[in-house]
Amino acid sequence: PLPHAVELQVRDFAEDSTRNQQELEILLGLAEGIRVLPAEAIAGLAACCDQVMFGAGEELLAVGEISRYVYVISAGEARGTPVGEEGSTGSITFGAHEVIGVTSLARAQASDIRVVAVTDVAALRIPSDVVGKALHEHPVLSNQFARIWQTRSELLRRSAQQEQEIAPDNAERQGEN
């Protein structure tokens, strides 16, 4: 017997990259907004993206920056909180198949929301310039992201309103104790 044995696993990278490309295309095809694109456009995005992980508490998107990447969450949960002059009000939860970072890209404005991983998050990371090109080539994508932005804005407004309604109730209860 040999004093030290090392096991090597050999794999066919061509086969693995094809399988990986197909998995990325499937995940992107499920993503909000992106699912409206034709298959060849989704394949083009998949060819440019990579998979990344964020630990709970890590920041996916910072306030005041135009992200260099657009993220599609494939697993886990993140929370977005707008930060304005009056501080943080309201929040929105992002889960699997939701896209983060495209709103500031589409509006060409710095993000007004901070997104932090609540749990460990697995995501697909697509360079902003690639998504920007897709936005120009496929107007339907811009329309989808405009609708998503409107929906998220409404959710944040409602969330902030609920926080404002709950805060006085909590203060009253604490005063009673």
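Everything numeric here is computed off the predicted structure, so don't read it as measured data. Here the residue index of a chain counts from 1 through its sequence in written order. Local features in a predicted model are, by the rule used here, given only for residues with pLDDT of at least 70; side-chain atom pairs are given and counted only at 80 or more, and totals for whole chains, interfaces and linings are based on all residues. Heavy atoms throughout the structure, all of them, feed into the side-chain values; hydrogens and water do not.

Quick word on helix 4 (residues 128-137)
- Partly exposed describes any residue whose relative accessible area lies between the buried limit of under 20% and the exposed limit of over 50%, with all areas from a 1.4 Å probe on protein chains only and scaled to the type maximum. Helix numbering and strand numbering both begin at the N terminus, where a helix is a DSSP run of H or I of at least 4 residues and a strand a DSSP run of E of at least 2. Three or more residues of helix 4 are buried, namely Ser128, Val131, Gly132, Ala134 and Leu135. Down the axis of helix 4, the buried set is contained in an arc of 160 degrees. They therefore lie on one face. Facing away from the buried side of helix 4, by more than 90 degrees, are the exposed residues Asp129, Lys133 and His136. It is the directions from the helix axis to the C-beta atoms that the arc portrays.

Structural notes on the pattern of salt bridges
- Salt bridge, as used here: a side-chain nitrogen of Lys or Arg that lies within 4 Å of a carboxyl oxygen of Asp or Glu. Applying the stated criterion across every chain, the model contains 6 salt bridges.
- Among the salt bridges present, the one from Arg114 reaches Glu59, with a minimum N-O distance of 2.6 Å. Separated by 55 residues along the polypeptide, Arg114 in strand 8 (residues 113-117) and Glu59 in strand 2 (residues 59-61) bring together distant segments of the chain.
- The partner of Lys133 in a salt bridge is Glu137, and the shortest N-O contact between them spans 3.8 Å. Of this pair, Lys133 and Glu137 both sit in helix 4, separated by 4 residues, roughly a single helical turn.
- One connected set of salt bridges, linked through shared partners, spans Glu154, Arg157 and Arg158.

Let's talk about the packing of aromatic side chains
- Between 30 and 60 degrees the pair is tilted, below 30 it is stacked and above 60 it is edge-to-face, where a pair is any two Phe, Tyr or Trp rings, Trp via its six-membered ring, whose centres lie within 6.5 Å. Per the counting criterion, the structure on display carries 2 aromatic pairs.
- Residues Phe54 and Tyr71 carry aromatic rings whose centres are separated by 5.4 Å and whose planes lie at 80 degrees to one another, so their mutual orientation is edge-to-face. Here Phe54, found in strand 1 (residues 50-54), pairs with Tyr71, found in strand 3 (residues 69-75); they are 17 residues apart in sequence, far enough to count as distant.
- Residue Tyr71 is classed as buried on the basis of its relative accessible area, which comes to 8%.
- Measuring from centroid to centroid gives 6.4 Å for Tyr69 and Tyr71, while their planes differ by 50 degrees, and the two rings are tilted.
- Judged by relative accessible area, which is 22%, Tyr69 ranks as partly exposed.
- Put simply, the rings of Phe54, Tyr69 and Tyr71 touch in pairs and so form one group of aromatic residues.
- The cationic tip of Arg125 hangs over the ring face of Tyr69; the distance from NZ or CZ to the ring centre is 4.6 Å. The criterion for a charge sitting over a ring is simple: Lys NZ or Arg CZ within 6 Å of the ring centre, and within 35 degrees of the ring normal.

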